[in-house]
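# Summary of structural features
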Amino acid sequence: MNMADSSILASTLTTRGYRRVGEEKDADLIILNTCSVREKAEDRIYGRLGEISKFKRRKPNLKVAVVGCMAQRLGEDLSNKVPHVDYVLGTDRLFELPDVIEGIEGSQSVMTAFGHENMDMIVPIKETPYSGFITISRGCDNFCTYCIVPYVRGKERAHSADYIINAANEMAAEGVVEITLLGQNVNSYLYEDVDFPELLRRVATETDISRIRYMTSHPKDLSRKLVDVMASSDKILPHIHLPLQSGSNRILQKMGRIYTLEHYLKIIEYIKSHLEYVSITTDLIVGFPSETEDEYFQTLEAVEKVRYDSAFMFRYSVRPGTAAAKYDDDVPEETKIRRLNRLIKLQQEIAYEQNQREVGEVRNSLVEGFSRRSKESMRARTEGNKTVIFPTSENLTEGSVVPVRITAADAFTLHGEIVEIS
Ligand code: SAH
Ligand code: SF4
């Protein structure tokens, strides 16, 4: 979501005559689009602001903007705490940055009030010439007890299906082959009588986009109808990111997640039995307040049962103002680290095994460029959102979709060869 917002802001600035420079030392304006989801994300921003203060000493006219979630959360306090920050614009105001810089009437250097967002400014954005993001909804109404997102991104509001379909068609006309529909919880999308499965069906049938992804799903709202729509169209890529968070029902309840492990496993079973091939990924938190060793083991067991293709795994981090911040953060840091490391190790073993299952299969993959190591191999993204490396083929360009036969795999990457160029 932040990447999408950053791209929208960059494109707004470019249309207003600003130019992107390669290095910070050459910039007259540095913008940090921030994340508040964990304390570490905010700490890194303070670190970056420390580095930027050195540039500012050498170049007093340099302007520094902090935008997005951390700006929203801290507002005036941030500009007081870090005096060399010139502009602090929250999640509803960041797209107004050009107005603020140019001193347009009514704009101020610190703006964080909600209710000012102009959904029309949230233009769909091409991330590369061949792929793009379309934000279908912003904000979140879920209030999981650990999570700061609803406080910094506000209430959920949705774009109309027509707007989303037009956006996808415009992108397709410009050569985009893959889009990602974005929302904090796409499954609660509702605009008039169009729900998310219906939206997805319409994007698949009424646009020329050939590869459609979406994220993120909340298990409480993921319906069978959605899985059936996915099964009905080759254009909807077989990847589901379904955050579990914990394998313990008591912890899930304390997290305010509204589902049980049993319900979650039922959805997984339905997904696996209705999609011929699917890659399933997740988010997990260890060390939530009062999590016992036994409850942590239930998370490990759940991970073993589901067999995720990959996972984002986190130590619980207190976010001031959330409901869980009132609980005692009683799992010692060393325990959180130990639990996280063991979980990561287990998940890596499972990812390795999952990837071995791909060997011999052919996956239609979107070419993203040369591999990081050498021009002799190229990198592409499979239908299941995995990176695959294969020997460079001369007439292949970024944005092509090619069938790649998987020949080998480790826990993080697949290796393969092109079957034929389409
Ligand atoms: N809307 C998405 C993503 C939310 S933030 C969703 O509901 O899935 C991404 C992930 O960060 C969450 O899924 C959760 O695993 C993690 N996260 C959020 N708050 C956290 C906190 N306070 N401590 C540790 N991890 C957190
Ligand atoms: Fe946060 Fe829960 Fe909303 Fe995801 S669904 S953004 S974890 S409150």
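Predicted model, so just to flag it, every value in this text is computed and none were measured.

## Observations concerning the site of ligand 1
Residues in close proximity to ligand 1 total 15 residues, the closest being Arg38, Gln184, Gln245, Asp283 and Ser317. One of the backbone nitrogen or oxygen atoms of Tyr146 is found 3.0 Å away from a nitrogen atom of ligand 1. Within the side chain of Asp283, a nitrogen or oxygen atom sits 2.6 Å from an oxygen atom of ligand 1. Those elements that place two or more of their residues in the shell around ligand 1 are β14 (279-286) and β15 (310-315). A breakdown of the residues in the shell around ligand 1 according to their chemical character gives six nonpolar, four polar and five charged. For the shell around ligand 1, the domains that each give at least three residues are domain 2 (124-237) and domain 3 (240-357).

## Concerning helix α13 (residues 333-356)
If you check α13, its first and last C-alpha atoms are 35 Å apart, about what 24 residues at 1.5 Å a residue would give, namely 34 Å. Considered for burial, the residues of α13 that qualify are Thr335, Lys336, Arg339, Leu340, Leu343, Leu346, Gln347, Ile350, Ala351, Gln354 and Asn355.

## What about unusual backbone geometry?
Across the junction of Met215 and Thr216, the peptide omega takes the value 5°, indicating a cis bond. The residue Ile258 is not glycine, and still its phi comes out positive at about 70°. Tracing the backbone through its elements, the reader meets Ile258 in the loop between α10 (249-254) and α11 (261-274). Within the chain, Asn385 stands out as a residue other than glycine whose phi angle is a positive 70°. Mapped onto the elements of the fold, Asn385 is located in the loop between β17 (377-381) and β18 (387-391). Judged by its relative accessible area of 29%, Asn385 is partly exposed.

Quick notes on the rules
All residue numbers refer to position in the chain's written sequence, counted from 1. Chain letters start at A and ligand numbers start at 1, both assigned in the order the entries are written. Per-residue local features of the predicted model are confined to residues with pLDDT of at least 70, and side-chain atom pairs are confined, for both listing and counting, to 80 or more; whole-chain, interface and lining totals are unaffected and use all residues. Water and hydrogen atoms were dropped before computing side-chain values, which therefore reflect all heavy atoms in the structure. Here, proximity means that at least one heavy atom of the residue falls within 4 Å of the molecule or strand. Definition of a polar contact: a pair of N or O atoms within 3.5 Å, with one able to donate and the other able to accept a hydrogen when the atoms are protein atoms, and with sequence-neighbouring residues admitted only if both atoms are side-chain atoms. To qualify as a helix, a DSSP run of H or I must reach at least 4 residues; to qualify as a strand, a run of E must reach at least 2; elements of each kind are numbered from the N terminus. Each residue gets one of three labels, nonpolar for Ala, Val, Leu, Ile, Met, Phe, Trp, Tyr, Cys and Pro, charged for Asp, Glu, Lys and Arg, and polar for the others, Gly among them. Throughout the structure description, domain borders are defined by an automatic or database domain assignment. Take the number of residues in a helix, subtract one, and multiply by 1.5 Å to get its expected span. Burial classes follow relative accessibility: with a 1.4 Å probe on protein chains only, a residue under 20% of its type's maximum area counts as buried, one over 50% as exposed, and anything between as partly exposed.

Shape descriptors only; they carry no functional weight alone.
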